[in-house]
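# Observations on the three-dimensional arrangement
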Amino acid sequence: MRRFVALSTLFATVFLTSLGVEAQQASDYRIGPRDLLQIKVLQVPDLDTEQRVSEDGTVSLPIIGEVPVAGYTQRQLIDELQRLLEKDYVEQATVTVDLLEARSRPISILGAVSRPGDLEFSGQWTLLEAVAAAGGLAEGHGDSINVLRRAENGLTDQITIRVRDLLGRADPTVNLPLYAGDLINVDREVEAQIYFLGEVANPGALDIPSTARPTLLSAIAQVGGLTDRASPRIQIRRRTAGGGQQEIEVHYKRVLGGQEPDPELLPGDIIYVKESFF
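These remarks concern the structure in this document. (Residues numbered from 1 in each chain as written. Predicted model: local features only at pLDDT ≥ 70, side-chain atom pairs only at ≥ 80, totals over all residues. Heavy atoms only, no water.)

## Quick notes on the overall build of the protein chain
How we decide: Only runs of H or I of at least four residues qualify as helices and only runs of E of at least two qualify as strands under DSSP, and these elements are numbered from the N terminus. Categorising residues by exposure relies on relative accessible area from a 1.4 Å probe, with only protein chains included: less than 20% of the type maximum marks a residue as buried, more than 50% marks it as exposed, and the intermediate range marks it as partly exposed. A contact between two residues is defined here by any heavy atoms of the two lying within 4.5 Å. Here the Shrake-Rupley method, with its probe set to 1.4 Å, supplies the accessible areas, and only the displayed protein chains count as covering residues.
Tallying secondary structure elements over the protein chain gives 5 helices and 17 strands in all. Scored against the burial criterion, the 278 residues of the protein chain give a buried share of 40%. Of the contacts made within the protein chain by residues no fewer than 6 positions apart, 57% connect residues no fewer than 24 positions apart. Counting only carbon and sulfur atoms, one obtains 49% of the accessible surface of the protein chain, whose full area is about 15000 Å².

See the structure below:
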């Protein structure tokens, strides 16, 4: 016998709000343990409930009791809740389900941030909000933030954002919307080297951050300058992407006097300062 005849005109839809419907439809999200759901029967507030999915993937609903929900997509949840309500209680059932917290597939942030780990989030977050929630970038961070996203078909995409674009230039086009299950990895700064040979005060390797781009004059200053015997013609030897070697000749005095541009150096460059014979 149907228990709620008065509900025979009850309408319901199941609406699952996931994270970022622009790039990931709510129907793609599968509910899991620890997710927080808000379930409402529109015309019967007494049936409304806010439930966290248990570790075994169930929620306890008024009247119906324990209902397994883990693994359901939006469409599957619509069908199941309608079936359960219409089986014994109502002629036509409609329920609203909002995903308040996605704990089963959290956004995780690793690398050079102050508080790495899983982020407690609800609604739609952006990359900038996630970095802020992790306490901001840590000292020694690199210049790249990688967002790894796994699709339902198992394929993984990686999107790389430059820190200077996100924070320095505040470019809104790189402030990505984030979705459940995204993994953010903030690169750490690594040491690179530029090598000095010949007539400099302190020949050898000069350690620089991998994200730094020192100029020739600043690098020469860091190794103590040129010796009195140094030729004004300096060679920059650089390995090309194809494995070859490029040689760039620079006239030190002209650069110092502003007559030539001060060239930017790259990690791995070899600066060779010959001895002057005149």
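## Remarks on empty space enclosed by the protein
Over the atoms, a rolled probe matching the size of one water molecule traces out where space is still vacant. Under the convention used in this document: Lining residues are defined by having an atom within 4 Å of a point belonging to a cavity or pocket. Those points lie on a 1 Å grid over the protein atoms alone, cavities being sets where a 1.4 Å probe fits but cannot get out and pockets being open sets with protein on both sides within 12 Å along at least five of seven lines. Grid points are joined across faces, edges and corners, and a volume is the space filled by probe spheres set on the points.
Inspection of the entire model under this criterion finds 2 cavities of 30 Å³ or more. Taken as a whole, the largest cavity encloses approximately 100 Å³ of empty space. Of all the secondary-structure elements, those providing two or more residues to the lining of the largest cavity are strand E1 (36-41) and helix H1 (74-88).

## Section: H1
Residues lying three or four places apart along an α-helix face the same way, a consequence of the helix completing one turn every 3.6 residues. The condition that has to hold: An expected span of 1.5 Å times one less than the residue number is assigned to each helix.
Look at H1: 22 Å from first C-alpha to last across 15 residues, which is about the 21 Å you get at 1.5 Å a residue. For H1, every residue scored as buried is listed here: Gln74, Leu77, Ile78, Glu80, Leu81, Leu84 and Leu85.

## What about the pairing of strand E15 (residues 230-239)?
Rule in force here: By the convention used here, strands pair only if DSSP detects at least 2 bridges between them.
Pairing of E15 with strand E17 (residues 270-275), which is carried by 5 bridges, proceeds in the antiparallel orientation. Within E17, the residue paired with Ile236 across the bridge is Ile271. Two strands pair when backbone bridges link them, and E15 and strand E16 (residues 245-251) are joined in this way by 7 bridges, in the antiparallel orientation. In the sheet register, Arg237 faces E16, and the bridge partner there is Glu247. Between E15 and E16, which pair antiparallel in sequence order, lie 5 residues; one of them, Gly243, sits at a positive phi of approximately 95°.

## Overview of the nonpolar core
We apply this condition: For our purposes a nonpolar core is just a set of buried Ala, Val, Leu, Ile, Met, Phe, Trp, Tyr and Cys residues, chained together by side-chain atoms within 4.5 Å.
Membership of the largest hydrophobic core comes to 24 residues, with the highest contact counts inside it found for Leu37, Val59, Val69, Leu77, Val95 and Val97. The biggest single contributor to this core is H1, with 4 residues. Among residues more than four places away in sequence, those in contact with Val59 are Leu37, Gln51, Arg52, Val53, Gly65, Glu66, Val67 and Val69. Residues Trp125, Ala130, Val163 and Leu166 belong to the second largest nonpolar core, which totals 21 residues.

## Points about the pattern of salt bridges
Our working definition: When a carboxyl oxygen of Asp or Glu is within 4 Å of a side-chain nitrogen of Lys or Arg, the pair counts as a salt bridge.
Considering all chains together, one arrives at 11 salt bridges under this definition. The shortest N-O distance in the salt bridge between Glu247 and Arg237 comes to 4.0 Å. You can see Glu247 sitting in strand E16 and its partner Arg237 sitting in strand E15, a full 10 residues away along the chain. Of the residues examined, Glu247 reaches a relative accessible area of 48% and is grouped as partly exposed. Here Arg237 falls in the partly exposed class, since its relative accessible area comes to 24%. Arg254 is paired through a salt bridge with Glu260; the nearest N and O atoms lie 3.6 Å apart.

## So, unusual backbone geometry
The backbone of Arg34 shows a phi angle near 80°, a positive value even though the residue is not glycine. Looking at the element boundaries, Arg34 is found in the segment before E1. The phi torsion at Ile63 lies on the positive side, around 75°, for a residue other than glycine. Tracing the backbone shows Ile63 in the loop between strand E3 (58-61) and strand E4 (65-68).

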